[in-house]
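Descriptive structure summary
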Amino acid sequence: MPVGLLVALAGSLGAFARYAVDYVAGERMAPHHQVPATFAVNIVGALLLGLLVGVHPHDGRVRIMLGVGFLGAFTTFSTLAYQSYHYLDEANYLRAAAVPVATVVIGVAAVAVGVAVGQRA
């Protein structure tokens, strides 16, 4: 099967998983508290990408299919950017800065943990 088709199939599963997280979060939280769902998928996605790289350091096909396809669709930079913009628009400057900074810092740490665990697997 062509790699592009595998990426598309994995991406559709990642998009569905992202929708499921939003749906569950929406059932449990008010719409203005969606940052935890976005933060969670981005951190989990970073951890999983680290694991993927740690377990499959030289398998480009698997890394592209799962990393670009599934995890690319599962994680969401655009929603993070929009939420940060929304906080700026509301003059909530602390949250506008803290959410993306925390996502990047903790995300990098999650990748490092994932790689370390993956290399031991």
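Residues numbered from 1 in each chain as written. Predicted model: local features only at pLDDT ≥ 70, side-chain atom pairs only at ≥ 80, totals over all residues. Heavy atoms only, no water.

The helix and strand tally for the chain stands at 5 helices and 0 strands. Along the chain, helices and strands appear, N-terminal first, in the series α-α-α-α-α. Based on the C-alpha atoms only, the size of the chain along its principal axes is roughly 45 × 30 × 25 Å. Taking all 121 residues of the chain together, 30% fall into the buried category. (Helix = DSSP H or I, 4+ residues; strand = E, 2+ residues; numbered from the N terminus. Buried < 20%, exposed > 50% of the residue type's maximum accessible area, 1.4 Å probe, protein only.)

Quick look at the environment of Asp 89 now. In this fold, Asp 89 is placed in helix α4 (residues 77–89). With a relative accessible area of 57%, Asp 89 lands in the exposed category. C-alpha of Asp 89 to C-alpha of Val 108: the two residues are 19 residues apart in sequence and 27 Å apart in space.

Below, the discussion takes up a nonpolar patch on the surface. A grouping of Phe 16, Tyr 19, Tyr 23 and Val 24 is seen on the molecular surface, where their side chains present a nonpolar patch of about 470 Å² in accessible area. Structurally, the position occupied by Val 24 is in helix α1 (residues 3–28). Assessed through its relative accessible area of 44%, Val 24 is described here as partly exposed. (Patch = residues over 30% accessible without salt bridge, like charges linked within 9 Å, V, L, I, M, F, W, Y side chains within 5 Å. Areas by Shrake-Rupley, 256 points an atom, 1.4 Å probe, with all protein chains shown as cover. Salt bridge = Lys/Arg side-chain N within 4 Å of Asp/Glu carboxyl O.)

In this section: the side chain of Gln 83. By the element assignment, Gln 83 lies in helix α4. Within the structure, Gln 83 has its side chain in polar contact with the side chain of Thr 38 (distance 3.2 Å). (Polar contact = N/O pair within 3.5 Å; in protein donor to acceptor, adjacent residues only side chain to side chain.)

Time to look at the confidence of the model for the chain. Taken over all residues, the pLDDT of the chain has a mean of 90, while the share at 70 or more is 94%. Confidence scores differ between elements of the chain, with α1 showing the lowest mean pLDDT of 89 and helix α5 (residues 93–120) the highest of 95. (pLDDT = per-residue confidence, 0-100.)

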